[in-house]
Every structure is written in C-alpha cells, then in structure tokens.
There are 2 protein chains.
Amino acid sequence: MVRERNPSRLFSKVTIVGVGLMGGSLGLAIKKRGLAKEVVGLVRRRQTLVRAKALGAIDAGTLSLPQAVRGAELVIVATPVNQLGNMLRDLAPHLPAGCLVTDVGSTKVRFLRDVEKMFYVPDLVTKTVPVKPTFTFVSSHPMAGSEKEGVEHARKDLYESSHCLLIRTKYTPADAIARLETFWRSVGCRLVSVVTPEEHDHWVAAVSHLPHALAACLVNVVQDLAQHDPRLVTAAGPGFRDTTRVAAGAPALWTEILLSNREEVCGMIQLLRQQLSRMETALQSNEPRRLSAQLEQASSFRQELEKKRRVRKVH
Amino acid sequence: MVRERNPSRLFSKVTIVGVGLMGGSLGLAIKKRGLAKEVVGLVRRRQTLVRAKALGAIDAGTLSLPQAVRGAELVIVATPVNQLGNMLRDLAPHLPAGCLVTDVGSTKVRFLRDVEKMFYVPDLVTKTVPVKPTFTFVSSHPMAGSEKEGVEHARKDLYESSHCLLIRTKYTPADAIARLETFWRSVGCRLVSVVTPEEHDHWVAAVSHLPHALAACLVNVVQDLAQHDPRLVTAAGPGFRDTTRVAAGAPALWTEILLSNREEVCGMIQLLRQQLSRMETALQSNEPRRLSAQLEQASSFRQELEKKRRVRKVH
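The shown structure was predicted, so the numbers you read here are calculated from the model rather than taken from an experiment. (Residues numbered from 1 in each chain as written. Chains lettered and ligands numbered in written order. Predicted model: local features only at pLDDT ≥ 70, side-chain atom pairs only at ≥ 80, totals over all residues. Heavy atoms only, no water.)

A. Inspection of the overall build of chain A at higher detail. Counting its regular elements, chain A contains 11 helices and 9 strands. Its C-alpha atoms put chain A at 80 × 50 × 40 Å along the principal axes. Buried residues in chain A amount to 56% of all 315 residues. Partitioning the intrachain contacts of chain A with sequence separation of at least 6 by distance along the chain shows that 75% fall at a separation of at least 24. (Helix = DSSP H or I, 4+ residues; strand = E, 2+ residues; numbered from the N terminus. Buried < 20%, exposed > 50% of the residue type's maximum accessible area, 1.4 Å probe, protein only. Contact = heavy atoms within 4.5 Å.)

Structure below.
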C-alpha cells in the first residue's frame with residue numbers, strides 16, 4: 001500500500017484551543033494549505049463546534065481537553081488573553097511529549113511571567129521546583145485580526161501578508177522558534193520577528209493598543225455630542241469610519257488586552273497628550289508653520305509606511 | 001434639424017474652478033452621468049489642464065478666469081479653503097447673471113463671513129453698500145475625499161453614497177438650495193442636509209477635523225518611538241493602518257482646514273482629553289468595569305453607525 005503524503009504537510013495533528021476569529025482563521029489557513037493531516041478544535045460550547053466544522057475551520061471538534069490534545073504535534077491556544085495562563089496550566093498534564101505549543105495572545109509580559117512560574121522557576125515559599133515540561137512552549141503574536149469576533153467571521157486569508165512576532169525568553173529553545181517561524185510563514189505571514197516580551201508589549205502598545213484606545217475615545221466624543229445634536233453623526237464620512245473602525249471591537253476582549261498591558265498603554269497615552277498639546281498650542285496661537293510641521297511629519301512618515309508595506313507585499 | 005438633449009442634463013455649461021481630487025472627481029461624475037453639455041476647468045497650471053483633459057475630468061480647460069466662466073450655469077469652486085474668499089471675489093465681476101455658484105470648502109463660518117462682507121453687508125467704515133450680486137451663491141460640503149490629492153487620483157464614484165451638507169445663511173435663496181440638492185443627488189450623494197455655518201463647522205470638527213488631528217498625533221507618537229527602536233513600526237497591522245490613513249493627507253491643505261476652524265477643533269481636543277483621562281483612571285486603578293463601560297459605549301455606538309450606513313446604502 002502506498003501512503004500518500006502531502007508535501008506541504010508540517011504536522012500530523014494540530015489542535016486549536018478556542019475556535020473564534022483567530023483560531024478559526026488559523027484552522028481555515030492550515031486546511032487550505034494542507035499543513036496538517038488533521039485539525040482538531042477544543043471548544044467550550046457545542047454550538048461553536050458545529051459552526052466551526054460546517055465552515056471547514058476544523059476537521060473535528062471536542063469539549064474534552066485530554067481528547068483534544070491527544071497525539072497533537074502542534075497546539076495553538078487562541079483564547080482571550082486573560083484565560084491563557086489557566087488554559088496552559090490545565091493543558092499541561094495532557095500535552096504529548098515533544099509537542100510544540102504556542103498562543104496568539106495580545107500581550108506577553110504578564111502572561112509569560114505566569115508561564116515561567118508555572119513551569120520553570122522554583123517557588124521560594126513552598127521550595128518546590130516545577131517539573132520541566134516535556135512539551136515546548138513559544139509564544140506568538142500574529143499582527144492580524146478584525147473588529148469582528150467569532151468563528152463565523154473567520155477568514156482563510158486573515159494572516160496573509162501579516163507580521164508575526166515570536167517571543168523569546170531565556171526558556172525558549174532556538175529550534176522551536178525556527179519550527180514556529182516555518183509554521184507562521186506557511187499560513188501566509190510575510191515577516192516573522194523574534195522579540196523579548198518587553199519589546200512586544202511596548203510595540204503593540206504603540207501600534208495596536210493606543211490606536212484602539214484613541215478610536216474608542218473619539219467615538220465617545222462624537223456620541224456625547226450627538227446626544228445634543230443627533231444629525232451630527234450623519235456628517236461622518238470615510239475618514240471617521242476608518243479612524244474608528246477598531247472601536248467596534250469586542251469590549252470584553254479589549255478590556256482584558258488593555259488592562260494586561262496597562263503600564264505601557266498609560267505611557268502611550270502620555271506621549272499622545274504631548275502631541276495633542278503641541279497641536280493645541282499651534283492652533284491657539286494661530287501658527288501655520290508649527291501646525292504644518294507637525295502635520296508634515298505625520299504625513300511623510302505615514303506615506304513612507306505605506307510604501308514599505310507595498311514593497312513587502314510584492315516581494 | 002433635430003436637437004438631441006440628454007434627459008439627465010441639468011446644465012448647459014458647468015465650470016470647475018480648481019481641478020484637483022475634489023474638482024476632478026466632480027468633473028468625472030458630471031460627465032459620466034451626462035449632467036452637463038460641457039464641463040470646463042479653470043486651472044492655474046497648463047500641466048493640470050492636460051492631465052484633467054486626458055483623464056476625462058473636463059471637456060476643456062483654461063487658465064483664463066473670464067473665459068472659464070463665460071456662459072456658465074453652474075460654477076463650482078474647488079480650491080483649498082483659504083483661497084475660496086479671494087477666488088470668489090475675483091470671479092464675481094465675470095459671473096453670468098443667474099449663474100449658480102457653490103464651493104466644496106471644508107469649513108464655513110470664517111469663509112461665509114467674508115462672503116457676506118463682500119456681497120451683502122454695508123461697510124460701516126467706508127459706508128459703501130455692496131452691489132447685490134446677480135449670481136446666486138450657496139456653499140456646499142460633500143463629505144467625501146481621500147488622503148490623496150491631485151486630479152490623477154480623481155474618481156468618478158468619489159461622491160457616491162456620500163452625505164452633502166448645504167449651508168443656509170440669511171442670504172441664501174430657498175430655490176437655489178433646491179437646485180443644488182438636485183445637483184448633488186445627481187452626482188451620487190445619498191443624503192443632502194441643510195445646516196447653518198456654525199452647525200457645519202461644529203459637525204466637521206467632530207467627525208473630520210478631530211479624527212485627522214488624532215491620526216497625525218498617533219503617527220507622530222509612533223515615529224518618535226521608532227527613532228529609538230525602528231523595528232517597532234513593523235508590528236503595525238491593519239488596525240494602525242486604518243486608524244492613521246487620513247494622516248497621510250496633504251499637510252498644507254490640512255493646516256488651512258484646521259486653522260480655519262481652530263476654536264471648534266480646540267474644543268474637540270478638550271473633549272477628547274476628558275475621554276482619555278477617564279480611560280487613564282480606569283487603567284491606572286485597574287478597574288475592568290469602568291474601562292469596559294467606556295469601550296462598550298464606543299463599540300455599540302460604532303456598530304450602530306455602521307448598521308445605519310448600510311441601510312442608507314441599500315435604500
């Protein structure tokens with residue numbers, strides 16, 4: 001008997017823990033590209049299982065944790081960021097030896113501190129040394145997403161052309177980084193960078209958390225004004241729509257994300273306030289040159305970013 | 001001889017003063033929909049004339065002001081907001097009697113105060129009373145645009161599904177409003193509202209100028225951080241891109257827009273600061289409920305807006 005084997009296959013069984021927008025999109029991408037023989041989803045509700053299977057995001061689903069990870073070569077935890085620690089603790093005793101484990105959480109410092117305590121660092125109070133896990137854990141963060149949530153909004157191209165950050169700590173084996181990089185590139189990521197947890201949280205505070213916070217504040221300003229003059233919102237055009245799109249995102253999810261990175265986010269809000277003050281001064285004192293310098297700086301940097309992105313997309 | 005007449009034709013000759021993104025897109029829309037027998041562009045540079053003609057945005061172009069408006073039934077002034085007053089003053093002696101004149105400027109209070117002084121209000125110092133113009137002027141602002149500038153980025157669908165604000169002052173004849181409303185609906189606007197100059201400037205400060213100011217500030221925060229850590233920008237995903245798209249807009253244009261509405265813009269920045277403080281407090285004191293309430297307010301309002309827009313687009 002000749003066994004067929006897909007040449008693009010990287011893993012036999014992949015388990016996705018939490019099949020929402022992120023997990024579901026991963027399932028679709030893995031299946032579309034033939035990266036695994038089997039994609040299994042671990043879900044909390046039977047309804048999600050039925051939907052995810054119907055959409056082709058998973059081959060099979062289960063509500064049983066041990067069953068989900070049995071024989072898995074890659075486990076991707078795609079639950080909300082505040083549940084990652086507990087989920088990993090619950091998964092640990094059931095993970096096969098040699099299994100590669102990752103997550104797609106939005107913040108890393110707090111979570112990876114918990115992971116270290118759980119698996120690597122001796123407890124000074126109880127004097128217990130954790131048993132070194134037989135699986136390998138490397139944290140990931142693909143910079144992709146949507147303001148929508150749930151597997152029904154999953155897209156097989158969600159990760160295409162995106163940038164994936166891999167987090168290196170002193171417990172991260174180099175070969176696991178290399179394997180994960182191959183995986184992320186295989187689902188479409190155009191760029192993979194290796195960073196520290198601190199770098200990660202600093203970066204995402206600037207380019208993801210601050211934009212989200214600002215978009216929400218901007219929407220709330222407009223909503224407050226619209227209570228006195230409801231017609232005001234009808235004037236909102238494509239500029240307002242784009243600037244505030246992310247503010248439609250799931251509030252519960254974003255509450256956890258922002259809180260889990262709150263020192264960095266507060267630092268970013270401070271920097272934003274400084275820029276706002278600069279602009280206010282130029283406006284109040286009616287100084288076209290100062291205002292124009294600030295707008296010019298933003299415009300040329302923003303245009304440059306777009307150019308770089310286009311180049312990245314082409315090559 | 002039988003004269004053919006396009007049933008959708010509203011005007012014989014339309015003159016567009018300033019054939020850039022806005023003016024050029026109007027030309028394309030007017031020609032595509034057969035709203036005028038002839039579209040003539042008044043430009044400052046021969047190069048623009050050649051480009052605009054090649055792109056089909058105008059039938060003919062000229063650098064001569066009197067020639068441009070000779071016999072025009074509709075004149076649309078689409079120059080930057082700080083040039084509107086002077087342009088209208090220069091145009092006035094050459095405009096045919098009965099001609100309908102409008103502009104697409106981004107702010108109205110200052111500009112319309114100048115217009116009143118020019119054409120309607122006696123000068124208390126010189127005791128001169130302006131000669132009442134034989135043309136009719138009504139100010140417009142279609143809420144459409146792009147971060148790009150120049151006729152080469154003009155699009156025949158730029159105004160489609162957009163909302164056009166018409167500005168009523170005590171000098172605005174009702175029938176001219178009605179004629180302009182027909183015109184804007186004919187180029188694709190889905191909604192036309194009549195507002196006062198003050199309402200207009202308040203509305204656009206909230207939904208257009210504040211978003212632009214914020215986007216620019218956000219880009220500058222990221223740029224400053226990137227000077228210490230250039231890799232940071234590579235983490236910017238679709239959220240950052242959308243939130244900051246407008247910041248790429250022409251700095252000279254936006255300097256004038258923001259300065260011409262500076263009291264309102266400063267007021268909006270103040271309101272934004274209040275929202276930011278609310279968020280900072282929730283983050284610093286680690287209060288998920290307060291933060292979540294703020295994000296929930298933004299999320300549901302933003303989703304509602306999107307729903308309303310979809311409904312408007314369908315009907």
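And the narrative resumes.
B. Local environment of the sheet that holds strand 9 (residues 191-195) of chain A. All names here are of chain A. Read from one edge of the open sheet, 3 strands run 7-8-9, paired in mixed fashion. If you trace the sheet from one side to the other, it starts and ends with strand 7 (139-142) and strand 9, each paired once. Looking at each pair of strands side by side, their axes are set apart by 20 degrees on average, direction ignored. In the sheet, strand 8 (residues 163-167) pairs with strand 9 via 5 bridges, with the strands oriented parallel. Paired with isoleucine 167 across the bridge in strand 9 is valine 195. (Pairing = 2+ DSSP bridges. Axes fitted to C-alpha atoms, helices over the stretch in contact; angles between N-to-C directions.)

C. Here's a closer look at the pattern of salt bridges. Applying the stated criterion to the full structure yields 32 salt bridges over all chains. Here glutamate 263 of chain B and arginine 110 of chain B are joined by a salt bridge, their closest N and O atoms 3.5 Å apart. Pair noted here: glutamate 263 of chain B is in helix 10 (residues 262-284) and arginine 110 of chain B is in helix 5 (residues 109-119), with a separation of 153 residues, a long-range link. Exposure remark for arginine 110 of chain B: the relative accessible area of 31% places this residue in the partly exposed category. Sharing partners across several salt bridges, the network here consists of Lys32, Arg33 and Glu160 of chain A. (Salt bridge = Lys/Arg side-chain N within 4 Å of Asp/Glu carboxyl O.)

D. Focus on the sheet that holds strand 2 (residues 36-42) of chain B. Residue and element names in this part refer to chain B. Strand order in the open sheet formed by 6 strands is 3-2-1-4-5-6, with parallel pairing between adjacent strands. This sheet does not close on itself; its edge strands, each paired only once, are strand 3 (60-62) and strand 6 (136-137). For strand 1 (residues 11-17) and strand 4 (residues 74-77), the ladder comprises 4 bridges, and the chain directions are parallel. Paired with isoleucine 16 across the strands is isoleucine 76, a residue of strand 4. Packed onto the sheet, helix 6 (residues 174-186) meets strand 1, strand 4, strand 5 (100-103) and strand 6 and runs at close to 65 degrees relative to strand 5.

E. Here's a closer look at helix 9 (residues 251-260) of chain B. The buried count for helix 9 of chain B comes to 7 of 10 residues, which makes it a mostly enclosed element. Pro251, Trp254, Thr255, Ile257, Leu258, Leu259 and Ser260 of chain B are the residues of helix 9 of chain B that are buried.

F. Local environment of the side chain of arginine 262 of chain B. Locating arginine 262 of chain B in the fold gives a position in helix 10. With residues near it in sequence (within four places) discarded, arginine 262 of chain B still touches Leu283, Gln284 and Asn286 of chain A together with Arg110 of chain B.

G. Looking closely at the relation of the copies chain B and chain A. With an RMSD of 0.0 Å, the fit of chain B onto chain A corresponds to turning through 180 degrees and sliding 0.0 Å along the axis. Here the two chains are linked by the operation of a two-fold rotation axis. Among all residues of chain B, the minimum C-alpha distance to the rotation axis is found for threonine 243 of chain B, at 1.9 Å. (Least-squares fit on C-alpha atoms with pLDDT ≥ 70 in both.)

H. Geometry of empty space enclosed by the protein. Evaluated as defined, the whole model comprises 3 cavities of 30 Å³ or more. Lining the largest cavity are Leu112, Val115, Glu116, Tyr120, Phe137, Val138, Ser139, Ile167, Thr169, Tyr171 and Thr172 of chain B. By residue number, the principal contributor to the lining of the largest cavity is helix 5 of chain B, which donates 3 residues. The residue inventory of the lining of the largest cavity, partitioned by class, reads 7 nonpolar, 3 polar and 1 charged. If you add up the space inside the second largest cavity, you get close to 80 Å³. Leu112, Val115, Glu116, Tyr120, Phe137, Val138, Ser139, Ile167, Thr169, Tyr171 and Thr172 of chain A are the residues that line the second largest cavity. Among the elements that make up the lining of the second largest cavity, the one with the highest residue count is helix 5 (residues 109-119) of chain A (3 residues). (1 Å grid on protein atoms, 1.4 Å probe; cavity = no way out; pocket = protein on both sides within 12 Å on 5 of 7 lines; lining within 4 Å. Points joined across faces, edges and corners; volume = space filled by probe spheres on them. Nonpolar A, V, L, I, M, F, W, Y, C, P; charged D, E, K, R; others polar.)

I. The packing of helix 4 (residues 84-91) of chain A against helix 5 of chain A, seen in detail. All names here are of chain A. Interhelical geometry of helix 4 versus helix 5 gives an angle of 25 degrees and a closest axis separation of 9 Å. In terms of their interaxial angle, helix 4 and helix 5 are classed as roughly parallel. For the pair helix 4 and helix 5, the sense of crossing is right-handed. Along the contact surface, helix 4 presents Leu84, Gly85, Leu88 and Arg89, while helix 5 presents Phe111, Val115, Met118 and Phe119. (Parallel < 35°, antiparallel > 145°, perpendicular 65-115°, else oblique. Left-handed = near helix turned anticlockwise from the far one by under 90°.)

J. Inspection of the pairing of strand 1 of chain B at higher detail. Residues and elements named next belong to chain B. Counting buried residues in strand 1 gives 6 out of 7 residues, a clear majority hidden from the surface. In the sheet, strand 1 pairs with strand 2 via 6 bridges, with the strands oriented parallel. Among the inter-strand pairings, lysine 13 is bridged to a residue of strand 2, identified as glutamate 38.

K. Main features of unusual backbone geometry. Phi is positive for serine 161 of chain A, close to 65 degrees, though the residue is something other than glycine. Counting through the fold element by element, serine 161 of chain A comes out in the loop between strand 7 and strand 8. A residue is classified by how much of its surface remains accessible, and serine 161 of chain A, at 22% relative accessible area, is partly exposed. Positive phi, normally seen in glycine, also occurs at lysine 127 of chain B, with a value near 60 degrees.

L. The arrangement of the packing of aromatic side chains in detail. Residue and element names in this part refer to chain A. A complete count under the given rule lists 14 aromatic pairs over all chains for this structure. Pairing phenylalanine 111 with phenylalanine 137 gives two aromatic rings, centres 5.9 Å apart and planes at 90 degrees, and the pair type is edge-to-face. With phenylalanine 111 in helix 5 and phenylalanine 137 in strand 6 (residues 136-137), this residue pair connects regions lying 26 residues apart in the sequence. In terms of burial, phenylalanine 111 and phenylalanine 137 fall into one category: buried. Ring centres 4.3 Å apart and planes at 10 degrees place the aromatic pair tyrosine 120 and tyrosine 171 in the stacked group. Highlighted residues: tyrosine 120 in the loop between helix 5 and strand 6 and tyrosine 171 in the loop between strand 8 and helix 6 (174-186), separated in sequence by 51 residues. Residue classification places tyrosine 171 among the partly exposed positions, given a relative accessible area of 25%. An aromatic cluster is present here, built from Phe11, Tyr159, Phe183 and Trp184 joined pairwise through their rings. (Phe/Tyr/Trp six-rings, centres within 6.5 Å; stacked < 30°, edge-to-face > 60°.)

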